[in-house]
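Now for the letters of each chain:
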Amino acid sequence: MVTLFDEPANTWELIANGLPWTLTLAASSLALGFFLAVGLALLRLSPVPPLRWFAYGYVYLFRSTPLLVQIFLIYYGLGQFEAVQKSFLWPFLREAHWCAILALTLNTTAYTSEIIRGGLQSVPWGQVEAAKACGMGLGLRFRRVIFPQAIRQALPGYGNEIVLMIKSTSLASTITILDMTLIARKETSATFSIEPLFIAAAFYLAINFLATRLVMWVEFRLSPELREAKTGKTLPDQGVVGAR
Amino acid sequence: MLEWMSLLAWGDSGWSDEMVRGAGWTLLVAVISFALGIVIGAGGAAVKLSRVPFVPLLGDLYTTLVRGIPDLITIYIIFFGGGQAAMAVAKLFGYDGYIEFDALTTGVLALGFISGAYSTEVIRGAVLAVPKGQIEAAKACGMSRWTRFHRILVPQVARYALPGLGNVWQLTLKDTSLISVVGLTEIMRQAFVASGSTKQPMVFFVTAAVLYLALTSLSNKVFNRVEIVANRGVRRA
């Protein structure tokens, strides 16, 4: 991982050296987890019972156990088996950071799939019927009608998940990843001052603030029709179309 | 498989009894912190709903901080800084001795502080869900502030807050695993110790996962039951 300050002049620069790890862990697990979550949400809504059961079981297991257990299971647990040590996966599972990314990804997949499922289920069935009536195939229907609306609906919930994941990356410090949390803890142990922990907290707050702003901006971009109503321009009266 | 069985034997030769004792500590920390969190949450909600200028900002500051800072950092701050802060306060009262928080105190303070922020939001929402007309009606009946509070507000807020508090409980229960970093021998710490001395981490972390699964599932059932009992007087469509 890159080092921002080779010779940190103060505690701020020292903690900032852990920033690349925090961001890498959060970004990679969120990106990977999002795609897996869309797949898992589709499995959960699939008409085939075993697929549904699998998705339900996966979400249940990962949401009912602490992330720390999942991290330790993958990092310490898998390495104990010779079969794993001899497999092609070992170069990855040997490294703490790949284990951390794997655990964080699997964890966020479970939570995100529930958020996306809520979004998918919020799309009115009439629209699916209308799309069918227009002759759209399954793929086209999903891409043009269902998914765009589901994402818009799921975005506020997903924003929370992003913040939770940024916070969760701090658990990677328990398996030797030198992120902001571990650097701050080591510095505190060495100097008996809790200043480094406060500085790390400030960094996390700043990242989370930026992340929530980013999500709000995306939300704004994705919902032009709500924006128009907000600026005071009146939409033409559409009768009971908007009845809820 | 047989090897696993003997590792998990009950008594001196195996680790089952230690793991279950760990689960007991987990449950204890979770219950005390959750209760502390509700007390803090009630206060936090009162602060957030206060009509005194700038006071609600204090509540916002509290919830924003907790929700933006990793729980692990909060725990470390209380672990490393709690004793210092307590000593500073004690000095004001003329006590010069050394104070250090043990793992249980650290855990309960940290988790109570964290779950308090989430409970604040839940309770605030529940208070806002009570129709204003009811308070006005109670005033019109000549009820005093206290009577209004404990007869009209509290019973309904408790009912509205239950589902949200159930979520906070699940969160707190899982968060107890983080307390292992300060050395409290709850489930995680016990699993870590056991796998260190037997070199069989898989068994013990799977056992830990099963114990957490059991705790979350069982407590979920309890909460559902309590919700049914609390809502028995409510007519539903």
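This is a predicted model, so every value here is computed, not measured.

The rules behind the values
- Residues numbered from 1 in each chain as written.
- Chains lettered and ligands numbered in written order.
- Predicted model: local features only at pLDDT ≥ 70, side-chain atom pairs only at ≥ 80, totals over all residues.
- Heavy atoms only, no water.
- Salt bridge = Lys/Arg side-chain N within 4 Å of Asp/Glu carboxyl O.
- Helix = DSSP H or I, 4+ residues; strand = E, 2+ residues; numbered from the N terminus.
- Buried < 20%, exposed > 50% of the residue type's maximum accessible area, 1.4 Å probe, protein only.
- Contact = heavy atoms within 4.5 Å.
- Phe/Tyr/Trp six-rings, centres within 6.5 Å; stacked < 30°, edge-to-face > 60°.

Colleague: Help me understand the pattern of salt bridges, please; the structure alone is not making it clear to me.
Modeller: Opposite charge on two side chains permits pairing when their charged atoms draw close. What the rule picks out here adds up to 8 salt bridges over all chains. A salt bridge links B:D71 to A:K167, with the nearest nitrogen and oxygen atoms 3.9 Å apart. Linking B:D71 in helix α4 (residues 71-92) with A:K167 in helix α9 (residues 138-168), this pair reaches from one chain into another. Across the pair, exposure class does not vary: B:D71 and A:K167 are buried alike. As a salt-bridge pair, B:E121 and B:R124 come within 3.6 Å of each other at their nearest N and O atoms. Placement of the pair is B:E121 and B:R124 together in helix α5 (residues 103-129), with a separation of 3 residues, close to one helical turn. Assessed through its relative accessible area of 28%, B:R124 is described here as partly exposed.

Colleague: How should the side chain of A:T108 be read in this particular structure?
Modeller: Inspection of the secondary structure puts A:T108 in helix α7 (residues 96-121). Once residues lying within four places of it in the same chain are set aside, the contact partners of A:T108 are A:S29, A:L30, A:G33, A:E161 and A:M165.

Colleague: Please explain the packing of aromatic side chains as it appears in this structure.
Modeller: Describing an aromatic ring pair means giving the distance of the ring centres and the angle of the ring planes. All chains considered together, the criterion is met by 21 aromatic pairs over all chains. Both rings, one in A:F54 and one in A:Y58, keep their centres 6.3 Å apart while their planes meet at 40°; by these two values the pair is tilted. Taken together, the residues span about one helical turn, with A:F54 and A:Y58 both in helix α3 (residues 49-64) at a distance of 4 residues. Residue A:F54 is classed as partly exposed on the basis of its relative accessible area, which comes to 48%. Ring geometry for A:Y76 against B:F192: centres 5.6 Å apart, planes inclined by 80°, an arrangement best described as edge-to-face. Of this pair, A:Y76 sits in helix α4 (residues 67-77) while B:F192 sits in helix α8 (residues 187-198), which puts the two residues in different chains. Note on A:Y76: relative accessible area 27%, which makes it partly exposed. Residue class for B:F192 comes out partly exposed when judged on its relative accessible area of 32%.

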